[in-house]
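Survey of secondary and tertiary structure
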Amino acid sequence: MPMDEKLVRAAPKALLHDHLDGGLRPQTVLELATEVRHPLPADDVESLGQWFRDAADSGSLERYLETFDHTVAVMQRADQLERVARECVEDLAADGVVYAEVRWAPEQHLAEGLTAPEAIDAVQGGFDRGMAEAAENGHPIVVRQLLTAMRHQARSREIAELAVAYRDAGVAGFDIAGAEAGFPPTRHLDAFEYLQRENAHFTIHAGEAFGLPSIWEAIQWCGADRLGHGVRIIDDIALADPAGPRLGRLAAYVRDNRIPLEMCPTSNLQTGAASSIADHPIGPLTELRFRVTVNTDNRLMSGTSMTREMLLLGDAFGYGPSDLLWFTVNAMKSAFLPFDERLRIINDVIKPGYAALT
Ligand SMILES: O=c1[nH]cnc2c1ncn2[C@@H]1O[C@H](CO)[C@@H](O)[C@H]1O
Ligand SMILES: [Zn+2]
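Residues numbered from 1 in each chain as written. Chains lettered and ligands numbered in written order. Predicted model: local features only at pLDDT ≥ 70, side-chain atom pairs only at ≥ 80, totals over all residues. Heavy atoms only, no water.

Turning our attention to the coordination of the zinc ion (ligand 2). Listed as protein donors to the zinc ion (ligand 2) are His17 (NE2), His19 (NE2), His205 (NE2) and Asp297 (OD); their distances from the metal cover 2.1 to 2.2 Å. Mapping the donors of the zinc ion (ligand 2) onto the primary sequence yields the spacing H-x1-H-x185-H-x91-D. One end of the pair, histidine 17, is in strand β1 (residues 13–19); the other, histidine 205, is in strand β5 (residues 202–206), with 188 residues separating them in the sequence. The same class applies to histidine 17 as to histidine 205, namely buried. (Donors = N, O, S within 2.8 Å, 3.2 Å for Na, K, Ca; no water. Helix = DSSP H or I, 4+ residues; strand = E, 2+ residues; numbered from the N terminus. Buried < 20%, exposed > 50% of the residue type's maximum accessible area, 1.4 Å probe, protein only.)

The structure is reproduced here in structure tokens:
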């Protein structure tokens, strides 16, 4: 059954990989920047949205990341963080997302004097308000924070400690992000070992701009629960083998252990990690039954949404509602939420939601 936009939007969706500072509304960037006199590369909503999409469409992760200067600049005060967080929840709920983990790097939001705990509280305040409003509007959604440490900096242990301190106050886990080449995850081994000793959850951006060694380190040295992107795992699979696809040891380990892949198709086209949706490794990885999940990464820079990502995949690979349900249940099974809460969302929200569609 082909999928149209209305159906995909109405279908309950779960999102594990979305950056708070990559999902602002262009209008909000404009308003906040005017207020603090931050110079922007465009001065109306339309051209600013276009600028973000074009500038991020560079084929290089490093250049893609430069666009965040303009969003991070307007997220330095508690009221700004709270607004951006609340609007994020509103936008996700309107897109039919019922569960989301939204990540951001506290260390990037302290330039105007906020402490990291104040920044975390501000984001949580926005999420709480957003969730309450969404429930009132008949679109209930559960949103959790993931705290990110920047891989080129040296604050990962401190951020990991904050993730543990706030684990019962809205923070579900930890992540590292930023330019991948030259900054292997083992640079932050201390943070990951600490999290493991604390029985805490973490994901690592790996196998996006850099290949298999980064995925191998993330899993076998650092103990990542999930992989941010992980697209390059395809390099360990001989797809053209006459006897059928043949998995190398690392790919087999990832599949055997059901390690979740947080795939972000449009973002990967922009950073050059894949050349087209039809050529994106998500196709064969789904066919080989890896634990694939579909994500937005940065809704502003990619001009995207969960609905749009699912529709693009539907067009490229012929996926229908049953595939959408499979991606969604995969994401819920991989969420950093307690098991009973995951089960409740799958059984009480997702399954009935899909049953009502068809
Ligand atoms: O796809 C990505 N790969 C690596 N780093 C990223 C990606 N998207 C965003 N960020 C980085 O994560 C920070 C915290 O949210 C952002 O400021 C950006 O620098
Ligand atoms: Zn990301």
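Looking now at the pairing of β5. Across the five residues of β5, five count as buried, placing the element largely inside the fold. Burial along β5 is two-sided: the face carrying Phe202, Ile204 and Ala206 and the face carrying Thr203 and His205 are both buried. Strand direction decides the pairing type here: strand β4 (residues 171–177) and β5, joined by three bridges, are parallel. Its bridge partner lying in β5, phenylalanine 174 is registered against phenylalanine 202. Pairing of β5 with strand β6 (residues 226–229) involves four bridges; the strand directions are parallel. Note that in β6 the partner of alanine 206 across the bridge is histidine 229. A crossover links β5 with its parallel partner β6, the connecting element being helix α10 (residues 212–221), and its sense is right-handed. (Pairing = 2+ DSSP bridges. Right-handed = clockwise from strand over helix to strand, strands pointing away.)

At asparagine 199, a position not held by glycine, the phi torsion is positive, near 55°. Tracing the backbone through its elements, the reader meets asparagine 199 in the loop between α9 (189–197) and β5. Despite not being glycine, aspartate 297 has its phi angle at roughly 65°, a positive value. Within the fold, aspartate 297 resides in the loop between β10 (292–294) and α14 (299–302).

Near ligand 1 you find 16 residues, and of these His19, Asp21, Gln108, Glu208 and Asp297 are the closest. At 2.9 Å from an oxygen atom of ligand 1 is found a side-chain nitrogen or oxygen belonging to glutamine 108. One of the side-chain nitrogen or oxygen atoms of aspartate 297 is found 2.8 Å away from an oxygen atom of ligand 1. Relative to its free-state accessible area of 420 Å², ligand 1 is covered by the protein chains to the extent of 98%. Cavity membership is defined here by more than half of the atoms lying within 2 Å of grid points; on that basis ligand 1 lies in the largest pocket. In terms of residue class, the shell around ligand 1 is made up of seven nonpolar, six polar and three charged. (Near = heavy atom within 4 Å. Polar contact = N/O pair within 3.5 Å; in protein donor to acceptor, adjacent residues only side chain to side chain. Areas by Shrake-Rupley, 256 points an atom, 1.4 Å probe, with all protein chains shown as cover. 1 Å grid on protein atoms, 1.4 Å probe; cavity = no way out; pocket = protein on both sides within 12 Å on 5 of 7 lines; lining within 4 Å. Sits in = over half its atoms within 2 Å of the grid points. Nonpolar A, V, L, I, M, F, W, Y, C, P; charged D, E, K, R; others polar.)

The next point concerns the UniProt feature "binding site: Zn(2+)" (unreviewed entry) in the protein. UniProt tags His17, His19, His205 and Asp297 as "binding site: Zn(2+)" (unreviewed entry). The greatest C-alpha distance among the residues just named is 12.0 Å, despite their covering 281 residues of sequence, which places them together in space. Lining residues of the largest pocket drawn from the annotated list: His19, His205 and Asp297. Not counting residues within four places of it along the chain, the set of residues in contact with histidine 17 comprises Glu101, Arg103, His205, Gly228, His229, Glu262, Cys264, Asn295, Thr296 and Asp297. Separated by 3.3 Å, the side chains of histidine 17 and histidine 19 make a polar contact. Of note, histidine 19 is situated in strand β1. Those residues in contact with histidine 19 that lie beyond four places of it in its chain are Val102, Arg103, Ala177, His205, Asp297 and Asn298. (UniProt positions renumbered as here; feature names shortened; annotations may be inferred. Contact = heavy atoms within 4.5 Å.)

As a further point, take the pattern of salt bridges. In total, this model carries 23 salt bridges according to the counting rule given. In this structure, the salt-bridge partner of arginine 25 is glutamate 87, at a minimum N-O distance of 3.7 Å. Residue arginine 25 is found in the loop between β1 and α2 (26–36), and its partner glutamate 87 is found in helix α6 (residues 78–94); the two are separated by 62 residues along the sequence. Residue classification places glutamate 87 among the buried residues on the basis of a relative accessible area of 8%. Between aspartate 241 and arginine 246 there is a salt bridge, with the nearest N and O atoms lying 2.8 Å from each other. Arginine 246 gets classed as exposed once you look at its relative accessible area, which sits at 51%. Residues joined by salt bridges that share partners form a network here, namely Arg25, Glu31, Arg83, Arg86, Glu87, Glu90 and Asp91. (Salt bridge = Lys/Arg side-chain N within 4 Å of Asp/Glu carboxyl O.)

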